[in-house]
Amino acid sequence: PLAVIHGYIETLMMKKNELGEAEKDKYLNIILESTVKLRKLVDELFELSKLEARQITPKKEPFSIQELINDLVQKYQVLAKEKNITFQTSTSANQSNSLVYADVSLIERVLQNLIDNALKFTPSNGQITLQTDHSKDFVEINVSDNGPGIPKEQVPFIFDRYHIGDKRISLDKNNTGLGLAIVKKILEIHDATIELTSRLHQGTTFKFHLPQYQNS
């Protein structure tokens, strides 16, 4: 984005007397979009650096993971509607009110990044599913899409910073290539891991576990 900003500003300065108002507005809009992307990239780089240096300590508390998921689904409805994507949520029977023990703001960030990722790859008229399964000590959270899937050779690198498997996504102004790396690091400081399963032309599922709150 910095190269784009520099290039268009340089053009505006060199050709300011030759460009029409429409062209100037077009260039300024491109510069503005690039500054938004640059700001997001810098913010996420700082966030990832702090996570990698263990400078962020989770402030754990009991909260309802299902309520958090439901709130996020509501927030993403407008974006999903633009692509005709539907959300489906499900949870284990009689477990909708059970609590997990984690940092609610950091887990919200994890879910946001996973939903963002799913929205990018889910085709029009597709579906994103958020499912929670409860065991005695843990809650398993699954975020699934029915997108194109991830080629087998890319799976080991999917959580690396700047990894963009589908080169078309690199054109997306909202993509920095850091989202899944941040997800992995947030879960690491929760002593948790994330796994993925993917099948070409069928979709991808990300799965992680959080400890169930034990009210002793």
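Refer to the structure printed above.
About the criteria used
- Residues numbered from 1 in each chain as written.
- Predicted model: local features only at pLDDT ≥ 70, side-chain atom pairs only at ≥ 80, totals over all residues.
- Heavy atoms only, no water.
- Buried < 20%, exposed > 50% of the residue type's maximum accessible area, 1.4 Å probe, protein only.
- Helix = DSSP H or I, 4+ residues; strand = E, 2+ residues; numbered from the N terminus.
- Arc of directions from axis to C-beta.
- Axes fitted to C-alpha atoms, helices over the stretch in contact; angles between N-to-C directions.
- Parallel < 35°, antiparallel > 145°, perpendicular 65-115°, else oblique.
- Left-handed = near helix turned anticlockwise from the far one by under 90°.
- Contact = heavy atoms within 4.5 Å.
- Nonpolar A, V, L, I, M, F, W, Y, C, P; charged D, E, K, R; others polar.
- Core = buried A, V, L, I, M, F, W, Y, C linked by side-chain atoms within 4.5 Å.

Caption draft 1: Main features of helix α3 (residues 65–75). Every buried residue of α3 is listed here: Ile 65, Gln 66, Leu 68, Ile 69, Leu 72 and Val 73. Projection of α3 onto a plane perpendicular to its axis shows the buried side chains occupying an angular sector of 160°, all on one side. Every exposed residue of α3 that faces more than 90 degrees away from the buried side is listed here: Glu 67, Gln 74 and Lys 75.

Caption draft 2: Representation of the packing of helix α5 (residues 104–121) against helix α6 (residues 179–188) in the model. Contact geometry for α5 and α6: axes closest at 9 Å, N-to-C directions at 150°. The orientation of α5 relative to α6 falls into the category roughly antiparallel. Considering how the two elements wind past one another, α5 and α6 form a crossing that is left-handed. Note on element contacts: α6 touches α5 through Gly 179, Leu 180, Ile 182, Val 183, Ile 186 and Leu 187, opposite Leu 106, Ile 107, Arg 109, Val 110, Asn 113, Leu 114 and Asn 117. Here the contact of α5 with α6 is built from residues that sort into nine nonpolar, three polar and one charged.

Caption draft 3: Focus on the nonpolar core. Within the largest apolar cluster, 44 residues are counted, with the highest numbers of intra-cluster contacts made by Ile 65, Ile 107, Leu 111, Leu 114 and Phe 208. With eight residues, α5 is the largest single contributor of residues to this core. With residues up to four places along the chain from it excluded, the contact list for Leu 111 reads Ile 65, Leu 68, Ile 69, Leu 72, Ile 141, Val 143 and Phe 208. Counting residues in hydrophobic clusters, the runner-up holds five residues, among them Ile 5, Leu 19, Tyr 27 and Ile 31.

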